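Take a look at the letters that make up each chain.
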Amino acid sequence: MQSDNTDNMMFPVVEMLVYITEGLTLEAGDVIFTGTPSGVGHARKPPAWMRNGDTIEVEIQGIGTLRNPIADE
């Protein structure tokens, strides 16, 4: 439901990494949360939520795609 890429981020990735590493050392496995692109489910009219059977995909060009199925608890 959401589709965007890093070209549209408020701050370029390199600028963000420079800023973060001025205050701390990034280690292997660290995760940087950057927020969400437009189209987030709770802001839709009516709201849209992930459901059992949906799949979430995150793609990094040149690396690959991470796919996770959504399942009921």
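Along each chain, residues carry numbers from 1 onward, in the same order as the chain's sequence is written. Local features in this predicted model are restricted to residues of pLDDT 70 or higher, and side-chain atom pairs are both shown and tallied only at a pLDDT of 80 or more, whereas totals for entire chains, interfaces and linings draw on every residue. Here the side-chain values reflect all heavy atoms present in the structure, with hydrogen atoms and water set aside.

Q: Any chance you could explain the overall build of the protein here in plain terms?
A: Along the protein, the regular secondary structure elements total 1 helix and 2 strands. Comment: elements are numbered from the N terminus, with helices defined as DSSP H or I runs of at least four residues and strands as E runs of at least two. Along its sequence from the N terminus, the protein presents helices and strands in the succession α-β-β. Counting only C-alpha atoms, the protein reaches 40 × 25 × 25 Å along its principal axes. Remark: exposure states derive from per-residue accessible area (1.4 Å probe, protein chains only) relative to the maximum for the residue type, with buried under 20%, exposed over 50%, and partly exposed in between. Within the protein, the proportion of its 73 residues that are buried is 5%. Note on definitions: a residue-residue contact is assigned when non-hydrogen atoms from the two residues lie within 4.5 Å. Taking as baseline every contact in the protein between residues at least 6 positions apart, the subset at least 24 positions apart corresponds to 20%. Each charge class in the protein was averaged separately, 4 positive and 11 negative side chains, and the resulting centres sit 16 Å apart. In this tally Asp and Glu are treated as negative and Lys and Arg as positive; neither His nor the chain ends contributes. Every charge is mapped to an atom, namely NZ of Lys, CZ of Arg, CG of Asp or CD of Glu.

Q: What is the right way to look at the pattern of salt bridges in this model?
A: Where charged atoms from two side chains of opposite charge approach closely, those side chains can pair. Put simply, a salt bridge is a Lys or Arg side-chain nitrogen that is within 4 Å of an Asp or Glu carboxyl oxygen. Summed over all chains, the structure comprises 1 salt bridge. Across the salt bridge formed by R67 and E57, the nearest N and O atoms sit 3.0 Å from each other. A residue pair is termed long-range when its members are at least 10 positions apart, and R67 in strand β2 (residues 64-69) and E57 in strand β1 (residues 55-60) qualify at 10 residues.

Q: Got a minute to help me understand the environment of V14 in this structure?
A: Tracing the sequence through the fold places V14 in helix α1 (residues 13-21). Here the alpha-carbon distance between V14 and W49, two residues 35 residues apart in the chain, equals 32 Å.

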